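Structure assessment
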Amino acid sequence: MKSVGNLENKHILITGGASGIGAATALLVASRGAKVVVSDQNRQQGEAIVEQICAKGGVATFIAADVSDSDSVIALFAQAKAAYGPVNVTINNAGIDHKPTPMHLVDDAVFHRNVAVNLAGVWYCMKQAIIQMLDNGGGHVINIASVAGLHSAPTIAAYSATKHGVMGLTKSAAVEYAKANIRVNAVCPSFIRTPMVENVLANVDERVRNAMIKANPMKRLGEVEEIAGALAWLCSDESSFMTGQSVVLDGGMLA
Ligand code: NAI
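Notes on the structure in this doc start here. (Residues numbered from 1 in each chain as written. Predicted model: local features only at pLDDT ≥ 70, side-chain atom pairs only at ≥ 80, totals over all residues. Heavy atoms only, no water.)

As for the pairing of strand β2 (residues 35-40)
Most of β2 sits out of view: five of its six residues are buried. Relative to β2, strand β1 (residues 11-15) runs parallel, the two being bridged by five bridges. What sits directly across from I14, in β2, is V38. Here β2 pairs with strand β3 (residues 59-64) via six bridges, running parallel. For V37, the partnering residue across the bridge sits in β3 and is T61. The parallel pair β2 and β3 is bridged by helix α2 (residues 43-55), and the resulting crossover is right-handed. (Buried < 20%, exposed > 50% of the residue type's maximum accessible area, 1.4 Å probe, protein only. Helix = DSSP H or I, 4+ residues; strand = E, 2+ residues; numbered from the N terminus. Pairing = 2+ DSSP bridges. Right-handed = clockwise from strand over helix to strand, strands pointing away.)

Below is the structure:
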């Protein structure tokens, strides 16, 4: 009997796979039998994650790409296909945030960079994934949004706007491609202990730091393994009737 969550024979591509949520997910899905493409703009860290996977007997390869550059994303998906065949699941996870700042004081360049990476980056990856999935009879696109894509996020409005945009892409594409056997879902975490959040916590005063850590009824940050576990389930065929939805992993914050 096959084990629950078995991901054997699945080709899973993860952007932003060198760090945080993406790295933890790469390690977990590889341990469940997936062939994993770890992609990131950070080659050194990405190759280190691939080394860890391979040392444990998993199958993975690193492909460098900048998701904010359409040509780079086209090359990424072509190289991924050459490595393991058409992508079965793509996890569009690469993202950036910005320093918490009153909206009227945020530089336009910061806004545009958040849009380029978090929204256009997901757009480019979705297009390339869908092209391969249409040819291959189906697949699953999973976008990492955020609770900031579902409700207000004062002082991180530019980030929040991009994550709302990701939710729009997720829902529209889910309906558009359901007949083609392509599912599209999102995952919406609240604050998770990753380099991105550690960096924010290190640069705010103690009052704000405590408020961030205790922003949910569980009164703690989430851990990357808690997001990776949900993603591994989503990657499996056990989630087969789910599309156009978001999995909210927030310690009860939005309840
Ligand atoms: P992280 O900073 O640990 O990892 C992000 C990775 O994305 C890094 O390896 C970075 O090199 C890569 N990346 C950034 N820009 C890129 C680009 N243009 N092209 C290719 N790779 C690029 O961050 P974390 O926390 O693991 O975040 C992952 C995703 O989860 C992001 O989309 C983030 O917005 C989202 N998220 C994170 C939350 C958290 O509390 N950590 C909460 C909600 C959502």
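Notes on unusual backbone geometry
Positive phi is not limited to glycine here, since N9 has a value of about 70°. Looking at the secondary structure, you find N9 in the segment before β1. We classify N9 as exposed; its relative accessible area is 61%.

Quick look at the pattern of salt bridges
Evaluation of the coordinates by the stated rule reveals four salt bridges. A salt bridge links R43 to E47; its shortest N-O distance comes to 3.0 Å. In this pair, R43 and E47 both sit in helix α2, four residues apart, roughly one turn of the helix. Look at R43 and you get partly exposed, because its relative accessible area is 45%. Residue classification places E47 among the partly exposed positions, given a relative accessible area of 33%. (Salt bridge = Lys/Arg side-chain N within 4 Å of Asp/Glu carboxyl O.)

Considerations on the site of the ligand
Close to the ligand lie 29 residues; S19, D40, Y159, I192 and T194 are nearest. A distance of 2.6 Å is found between an oxygen atom of the ligand and a side-chain nitrogen or oxygen belonging to S19. Those elements giving two or more residues to the shell around the ligand turn out to be α1 (20-31), α4 (108-136), α5 (157-177) and α6 (195-202). Looking at the shell around the ligand element by element, the count peaks at three residues for α6. (Near = heavy atom within 4 Å. Polar contact = N/O pair within 3.5 Å; in protein donor to acceptor, adjacent residues only side chain to side chain.)

Here's the deal with a nonpolar patch on the surface
A surface patch of nonpolar side chains, about 190 Å² in accessible area, is lined by L150, V248 and L254. Looking at the element boundaries, L254 is found in the segment after β7 (246-249). (Patch = residues over 30% accessible without salt bridge, like charges linked within 9 Å, V, L, I, M, F, W, Y side chains within 5 Å. Areas by Shrake-Rupley, 256 points an atom, 1.4 Å probe, with all protein chains shown as cover.)

Observations regarding the environment of R183
Residue position: R183 is located in strand β6 (residues 182-189). Classification of R183 by relative accessible area gives buried; the value is 13%. Linking R183 and S240, residues 57 residues apart in sequence, is a C-alpha distance of 8.1 Å. Within polar-contact distance, the side chain of R183 engages the side chain of H140 at 3.2 Å. A distance of 2.5 Å separates the side chain of R183 from the backbone oxygen of S239, its partner in a polar contact.

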